[in-house]
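The primary structure of each chain is shown beneath.
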Amino acid sequence: MKQYAIGNTLVKLAIIIGDFIIMNLLLLGFIKWGGKELVPEYVLTAKRITFVVANMSMLISEYFFHAIVHDRKVEIMRVMVRVFWLTFVHVGFLLVTLRILHQSGGNFSRFMLYFGAVEYVVLAISRVVELGIVRYVRSLGMNSRLVLFVGSDPSLTTLYDRLILTPSMGYHILGYYADVQMENCPDGLKYLGAIEDLNRKMELEERSSLNIDKIDEIFCSMSHDEAEEIVDIMRFCDKNVIRFFYVPRMFGNYQLNLKPERFGDVNVYTNHIEPLSILSNRVLKRLFDICASLIVCICLIPFVPIIALIIKLQSPGPIFFVQNRTGMNGKTFKCLKFRSMHVNRQADTLQATEDDPRKFAFGNFMRRTNLDEFPQFFNVLIGDMSIVGPRPHMLHHTEVYGQLIDKYMVRHFCKPGITGLAQVTGCRGETKELWQMEERIKRDIWYIENWSFWLDIKIMFMTAKTVFVHDQKAY
C-alpha cells in the first residue's frame, strides 16, 4: 500500500476515535450536569444501556459520514455539511432506539435537540482543528503524494503552480518527461528526459531508477496523435497502482476545462457545465425569483405615481425606458427601467458616463441608488430575467464584444440579472478599455459555473448595501 494511503487511513481512524471520545464525554456531561428537567429519567437510571446505544448509533453514523479532512481537495463547507449529517444520523438513531426501549414516555425529543446541537458545534470545531493540523503536517512534507508530469503543454505549468502554491495539499513533483522542453518552465519543475527515456524506465529492468514504489500519481498532457504513448502510460499506471490523470491541453491562451456528462452509456465532455443545468436548482432559483419579485412589484405600486410625477416635471417623455437587450441563449427581450436620461438618439449605442449631460437630476439620483432598475422586477416576474445573474447588455455591445472577447457569449447560458457578481465586486460602470469588459465577463462566467442559492443571497445583500453606501462607479 502507498505510504500516503496508510497515512490517510491513520488520520481517518484517529478522527473517528476522537469523535467517539467527544460524544461520550458530551453524553457524560449531560447526564452529570443536565439535571432532571433536561435529561429523561430513563437515561439517568439506565446509563450503561444509554452509552451502549449511543456508541452503536455513532458507529452506524460514522460508517456513512466519517471524516473527510484527509481529502486533499476538500472544502471547509463540505466538511461542515458532513458533520451535520453525522450528527443528524447519530441523534436520530439514538432517539428512535431509546424510545423503543422506553415506551412509557419521557422528554427524549427535547434532550436530543439540545444534545445534537452541542454535539454538532463541538464536532465542527474539532473538524476545523483537525483540518488545520492535517494541512500543517502536509506543508512540512509529511503525508505527501509523489507526482510525475508527462508532456510539455502549458497546462502542466498552470497545474504545477496551483499544486506548489498550496503546500497543504501535500504534493511533491518529481519533474516531467517530454520530447520538447517547456517554454517558460517554472524553476522548480525539473526536466527529466524525453518520452523515450520514460519508456525505458518503465521497462522491468530499469523500474528502480524511476522509483515506481514511490510514485503516486501521473499527470499527462500530450497530443491525441500520441495515443499509443498515452495508452502505454495508462497501462503502466494500472499495473503499478498509480493514479493516471489526463490534463486537457491549452490552445493558445484558451484551456479546455472539460467536464464529463453522460449520454446513455456514453461519456461525453463539455467545456461548460452549470449548476443551473440541474432541474432542481432551476426550480429553486425560479421559485425564489417569482416570490421575491412579486413582493417587490406589489410594494412598488404606491411609489410609481410619485416617481412618474418627478420624472415628468424634470424631463418630458415616457416614464419607463424600454430597451432591447440580449437575454438567455442570445434571445432579445425588452428590458424595463425608470427613465433616468432625457430622450436621446444615442440611448442604444452609448454607455452612461459619470458627468453624462443626458442625465437629469432625479435620474442621476435614481442611477446612484439603483432605483431606476426596480421595474426590472417585472421582467423577473414574467421570466425574462432573474434577480441575480449577468447584467443584460445592449444589442450593440453584444455585437461588438462578441467579436472581441472569446468567451463573451458564454454569459448568455443563464438568465440575465438585475444585479450580478461583477457589479458587486467592482466591475461596474463605463468600460473605457477592453480589459475592463474582459474582467466583467470572467466574473459572469465564474458565477454561472459556481452558482449556488447562497451565492445569490450574498450578492443580493452586497447589492442592498449600495443603496446606503454609494458605489463610486454607479452612474
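Scroll up to find the structure.
Below you will find a few notes about this structure. In this text, all values refer to a predicted model and were calculated from it rather than measured experimentally. (Residues numbered from 1 in each chain as written. Predicted model: local features only at pLDDT ≥ 70, side-chain atom pairs only at ≥ 80, totals over all residues. Heavy atoms only, no water.)

### A few points about a nonpolar patch on the surface
Residues Ile-76, Met-77, Val-81, Phe-84, Trp-85, Phe-88 and Val-128 make up a contiguous nonpolar surface patch of about 690 Å² in total accessible area. Mapped onto the secondary structure, Trp-85 falls in helix 4 (residues 76–101). (Patch = residues over 30% accessible without salt bridge, like charges linked within 9 Å, V, L, I, M, F, W, Y side chains within 5 Å. Areas by Shrake-Rupley, 256 points an atom, 1.4 Å probe, with all protein chains shown as cover. Salt bridge = Lys/Arg side-chain N within 4 Å of Asp/Glu carboxyl O. Helix = DSSP H or I, 4+ residues; strand = E, 2+ residues; numbered from the N terminus.)

### Some thoughts on the packing of aromatic side chains
Under the criterion given, the structure shown has 18 aromatic pairs. Taken together, a centroid distance of 5.0 Å and an interplanar angle of 90° make the contact between Tyr-63 and Phe-64 edge-to-face. Each member of the pair Tyr-63 and Phe-64 is classed as exposed. Centroid distance Phe-374 to Phe-377: 5.7 Å. Interplanar angle 50°. Geometry classified as tilted. By the ring-pair criterion, three or more aromatic residues cluster together here, those being Phe-65, Phe-84, Trp-85, Phe-88 and Tyr-120. In this arrangement the basic side chain of Arg-411 is found over the ring face of Tyr-408, its NZ or CZ atom lying 5.7 Å from the centre. (Phe/Tyr/Trp six-rings, centres within 6.5 Å; stacked < 30°, edge-to-face > 60°. Buried < 20%, exposed > 50% of the residue type's maximum accessible area, 1.4 Å probe, protein only. Lys NZ or Arg CZ within 6 Å of the ring centre and 35° of its normal.)

### What about the pattern of salt bridges?
The tally for this structure, following the rule as stated, stands at 12 salt bridges. Close ionic contact of Arg-145 with Glu-217 constitutes a salt bridge, the shortest N to O distance being 2.4 Å. With a gap of 72 residues between them, Arg-145 in strand 1 (residues 145–150) and Glu-217 in strand 4 (residues 215–220) connect regions that are remote in the sequence. Pair check on accessibility: Arg-145 and Glu-217 agree, each one buried.

### Remarks on the pairing of strand 2 (residues 171–177)
Most of strand 2 sits out of view: five of its seven residues are buried. Taken together, the two bridges between strand 2 and strand 3 (residues 191–193) define a ladder with parallel strand orientation. Looking at strand 3, one finds that Tyr-177 is bridged to Gly-193. (Pairing = 2+ DSSP bridges.)

### Looking at the pairing of strand 10 (residues 320–326)
Relative to strand 11 (residues 332–338), strand 10 runs antiparallel, the two sharing seven bridges. In the sheet register, Thr-326 faces strand 11, and the bridge partner there is Thr-332. Once strand 10 ends, the chain turns through five residues before running back antiparallel as strand 11, passing Asn-329 with a positive phi of about 60°.

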